Each structure stands twice: as structure tokens, then as C-alpha cells.
Amino acid sequence: MSDKIIIYQKPTCSKCRATLSLLKDSGEEFESVNYYEAPLTTDKLQELIQKLNMSVHDVLRKDEPSARNLSTASDDEIIKAMVENPDLMQRPIVVRGDKAKLCRPPENVLDLLK
């Protein structure tokens, strides 16, 4: 594969740090995006969810206190909430070309390195 690898992550997250470590060990070039410093737009988050081939509800961190108010929310409402409060997003998300993986567990990133 020759597509650029991008990891969307939070530096204080243990799964993000473990995934970053696997990427560094792979020798592949990659870009790291701290989405707290470079917030995702609604369009970018929708694109990531589409590449993940997951539902919006699957990307929502349901254990976050503010997620409790979203149990009956529409996909658009959940995406808006995740853009406004990135803690609501499952992480890290690694993208390569048209494919993306939610790297929980971090070893999921290996599927993008083959």
C-alpha cells in the first residue's frame, strides 16, 4: 500500500499511544493529528465514519457522561455533539486511503500495514 497513513488521536489516551508505537515500529511514514488541537469538522467526521464502515452509534463513546443524553439522538445530532466534544468519539482512528480502522485494540492498525 502506498496511501498516506493518518492517525486521529488524543495524546493522553493509552490506546492512542499504543497505536502510535505500533505505527512507529512499522517503519511506515504517517501523520498524527491531535483532534483536540486541530478539531474535526462535521464533514471530516462523517468521512471518517464512512471509511470506518461503522454506524455513528458505534463510534460514540457511550461511557462518557455527556453521551447519556444522546441515546435517542439522530446521527446528525451525534456527529454535531462529537465535533463539539471530541471526548465522545471512540479513538484512535487510523486512515489509509479509502480504509479506516478504529484501533481498539491498537493491533487493529496492523490490518492497514499489510
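Heads up: the structure comes first, above all this text.
What counts as what
Residues numbered from 1 in each chain as written. Predicted model: local features only at pLDDT ≥ 70, side-chain atom pairs only at ≥ 80, totals over all residues. Heavy atoms only, no water. Salt bridge = Lys/Arg side-chain N within 4 Å of Asp/Glu carboxyl O. Helix = DSSP H or I, 4+ residues; strand = E, 2+ residues; numbered from the N terminus. Buried < 20%, exposed > 50% of the residue type's maximum accessible area, 1.4 Å probe, protein only. Axes fitted to C-alpha atoms, helices over the stretch in contact; angles between N-to-C directions. Parallel < 35°, antiparallel > 145°, perpendicular 65-115°, else oblique. Left-handed = near helix turned anticlockwise from the far one by under 90°. Contact = heavy atoms within 4.5 Å. Nonpolar A, V, L, I, M, F, W, Y, C, P; charged D, E, K, R; others polar.

Draft legend 1. View of the pattern of salt bridges. According to the stated counting rule, one finds 8 salt bridges in the structure shown. Note that Glu84 is salt-bridged to Lys80, the shortest N-O span being 2.9 Å. Remark: Lys80 and Glu84 occur in helix 4 (residues 75-84); sequence separation between them is 4 residues, near one turn of the helix. Exposure remark for Glu84: the relative accessible area of 57% places this residue in the exposed category. Through salt bridges with shared partners, a single ionic network connects Lys44, Glu47 and Lys51.

Draft legend 2. Here's a closer look at the packing of helix 2 (residues 42-52) against helix 4. Relative orientation of the contacting elements helix 2 and helix 4 amounts to 115°, with a least axis distance of 10 Å. Comparing their axes, helix 4 and helix 2 come out roughly perpendicular. As for how helix 2 packs across helix 4, the hand of that crossing is right-handed. Across from Thr42, Leu45, Gln46 and Ile49 in helix 2, the residues of helix 4 making contact are Asp76, Ile79, Met82 and Val83. In the contact of helix 2 with helix 4, the residues fall into 5 nonpolar, 2 polar and 1 charged.

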